[in-house]
Amino acid sequence: MSYDLWYWPGIPGRGEFVRLPLEAAGIAYRDRAMEDGIDALTEDMEQRSGIKPYAPPYIVTEEGLCIGQTAHIVSWLADRHGFGSENELEALQLIQLQLDISDWVEEVHTTHHPIATSKYFDEQKDAAIAHAKDFRENRIPKYADHFENALSANDGPFVRGARWSHVDTSLFQMMEGLEYAFPNRMAALREDYPRLKACRDAVSELDGIAAYKRSDRAQAFSEDGIFRHYPELDPE
Ligand SMILES: N[C@@H](CCC(=O)N[C@@H](CS)C(=O)NCC(=O)O)C(=O)O
């Protein structure tokens, strides 16, 4: 079984939240726009009929089933491949946490695009500086507290305890991205969140993730993606 993952080539972006559990679980997939280019992605989106994904990332099965929305994709993959939970309450709580991560990702995007997604950062820099200050001071700790608490429910290093889930790979990516975008703020906060650090370390040590990070498939963060480092948004 293999999947086609469609996401904008050249950035980790939201696509990375889908790649990571696929890589961790050793599930075969093709990163179609990385292979065939951005035009292939826009053509694929245009030729779809019926109810379409609103935006990448989306995933397509060999049978042609097409699913969008990052949190929805990884929760569905988790059910199919056993990195969710067989326990109904726990499975629902994992989806809830994954949706919380989606909200957090959107807030990261808003730090550099507080006025309009369609405008450049330089056109909204003053608003971004004000918005990022609140994000650094209030929102990062509030979300981090929430996930530190979730990680305390079991005996770590993952939310479920010893077995990783789609929430852990997404928390790993959040921590990686925040460290890239807000290194000063994250350095100041790091000691306050030992469970998040342990989770991130444990995900990085999963065989599939370690191999992926060594591969040429892994893409670096940049100022084209969701997690962007603008020094004005993370003063010392
Ligand atoms: N909530 C969606 C958001 C998808 C999304 O915003 N994708 C971006 C790329 S990361 C995009 O292509 N957006 C185009 C648009 O919003 O017009 C998800 O989590 O998958």
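Residues numbered from 1 in each chain as written. Predicted model: local features only at pLDDT ≥ 70, side-chain atom pairs only at ≥ 80, totals over all residues. Heavy atoms only, no water.

## Details of the site of the ligand
Move 1: The environment of the ligand is made up of Y7, W8, R14, Y54, A55, P56, P57, Q69 and T70.
Move 2: Between the ligand and W8 there is a distance of 2.8 Å, counted from an oxygen atom to a side-chain nitrogen or oxygen.
Move 3: Contact between the ligand and Q69: a nitrogen atom at 2.7 Å from a side-chain N or O atom of the residue.
Move 4: Burial of the ligand by the protein amounts to 68% of the accessible area it has alone, namely 500 Å².
Move 5: Its residues assigned to classes, the shell around the ligand shows 6 nonpolar, 2 polar and 1 charged. (Near = heavy atom within 4 Å. Polar contact = N/O pair within 3.5 Å; in protein donor to acceptor, adjacent residues only side chain to side chain. Areas by Shrake-Rupley, 256 points an atom, 1.4 Å probe, with all protein chains shown as cover. Nonpolar A, V, L, I, M, F, W, Y, C, P; charged D, E, K, R; others polar.)

## Some points on a nonpolar patch on the surface
Move 1: The grouping of L92, I95 and L99 at the surface amounts to a nonpolar patch, some 250 Å² of accessible area in total.
Move 2: Exposure remark for I95: the relative accessible area of 32% places this residue in the partly exposed category. (Patch = residues over 30% accessible without salt bridge, like charges linked within 9 Å, V, L, I, M, F, W, Y side chains within 5 Å. Salt bridge = Lys/Arg side-chain N within 4 Å of Asp/Glu carboxyl O. Buried < 20%, exposed > 50% of the residue type's maximum accessible area, 1.4 Å probe, protein only.)

## Looking at the sheet that holds strand β2 (residues 28–31)
Move 1: Sheet architecture is open: 4 strands sit in the order β2-β1-β3-β4, paired in mixed fashion. The open sheet has two edge strands, β2 and β4 (66–68), and neither has a second partner. Strand-to-strand twist in this sheet, taken as the mean axis angle between neighbours without regard to direction, amounts to 25 degrees. (Pairing = 2+ DSSP bridges. Helix = DSSP H or I, 4+ residues; strand = E, 2+ residues; numbered from the N terminus. Axes fitted to C-alpha atoms, helices over the stretch in contact; angles between N-to-C directions.)

## Re the pairing of strand β1 (residues 2–6)
Move 1: Where burial is concerned, most of β1 is hidden: 4 out of the 5 residues are buried.
Move 2: Bridge count between β1 and β2: 4 bridges; the pairing is parallel. Of the residues in β2, the one forming a bridge with D4 is R30.
Move 3: As a crossover connection, the stretch from β1 through helix α1 (residues 15–25) into β2 is right-handed.
Move 4: Note: β1 against strand β3 (residues 58–60), 3 bridges, orientation antiparallel. Bridge pairing in β3 places W6 opposite Y58. (Right-handed = clockwise from strand over helix to strand, strands pointing away.)

## Details of the domain arrangement of the chain
By a widely used convention, the size of an interface equals the accessible area lost when the partners come together.
Move 1: Its domain assignment divides the chain into domain 1 (2–81) and domain 2 (88–206).
Move 2: Computed from C-alpha coordinates alone, the two centres of domain 1 and domain 2 are separated by 22 Å.
Move 3: Taken together, the contact pairs 12 residues of domain 1 with 15 residues of domain 2.
Move 4: Taken over both partners, the interface formed by domain 1 and domain 2 buries close to 1,100 Å², and the fraction arising from carbon and sulfur atoms is 74%.
Move 5: Area buried by domain 1 at its contact with domain 2 is led by R14, F17 and L20, which between them contribute 44% of it.
Move 6: Applying the counting rule to domain 1 against domain 2 returns 1 salt bridge.
Move 7: One salt bridge connects R14 with E106, and the closest N-O pair in it is separated by 2.6 Å.
Move 8: Counting across the interface, domain 1 meets domain 2 through 1 residue pair in polar contact (both at pLDDT 80 or more).
Move 9: The set of elements that each furnish at least two residues to the side of domain 1 that touches domain 2 consists of α1 and α4 (70–81). (Domains from an automatic or database assignment. Contact = heavy atoms within 4.5 Å. Buried area = accessible area lost by both parts, 1.4 Å probe.)

## Overview of helix α5 (residues 88–112)
Move 1: For α5, with 25 residues, the first-to-last C-alpha span of 38 Å sits near the 36 Å given by 1.5 Å per residue.
Move 2: Where α5 begins, the capping side chain belongs to N87, and its oxygen is found 3.1 Å from the backbone nitrogen of L89. (Expected span 1.5 Å × (residues − 1).)

## Some words on the nonpolar core
Move 1: By size, the foremost hydrophobic cluster in this structure holds 58 residues, and its most contacted members are I59, L77, L171, M174 and L178.
Move 2: Ranked by the residues each element gives to this core, the list is headed by helix α6 (residues 125–151), at 9 residues.
Move 3: Among the domains, domain 1 (2–81) and domain 2 (88–206) are the pair contributing at least three residues each to this core.
Move 4: The contact partners of M174, leaving out residues within four places of it in the chain, are F17, I101, W104, V105, V108 and F227.
Move 5: A33, L41, Y58 and V60 belong to the second largest nonpolar core, which has 6 residues in total. (Core = buried A, V, L, I, M, F, W, Y, C linked by side-chain atoms within 4.5 Å.)

## Observations regarding the packing of aromatic side chains
Move 1: In this structure the tally under the stated criterion is 9 aromatic pairs.
Move 2: For the ring pair W104 and F147, a centre distance of 5.6 Å and an interplane angle of 5 degrees mean the geometry is stacked. Within this pair, whereas W104 is found in helix α5, its partner F147 is found in helix α6, the two being separated by 43 residues in sequence. Per residue, the accessibility class of W104 equals that of F147, and both read buried.
Move 3: Consider the rings of F221 and F227, whose centres lie 5.7 Å apart with planes at 75 degrees: the pair is edge-to-face.
Move 4: Among the aromatic side chains, those forming a connected cluster through ring pairs are W104, Y143 and F147. (Phe/Tyr/Trp six-rings, centres within 6.5 Å; stacked < 30°, edge-to-face > 60°.)

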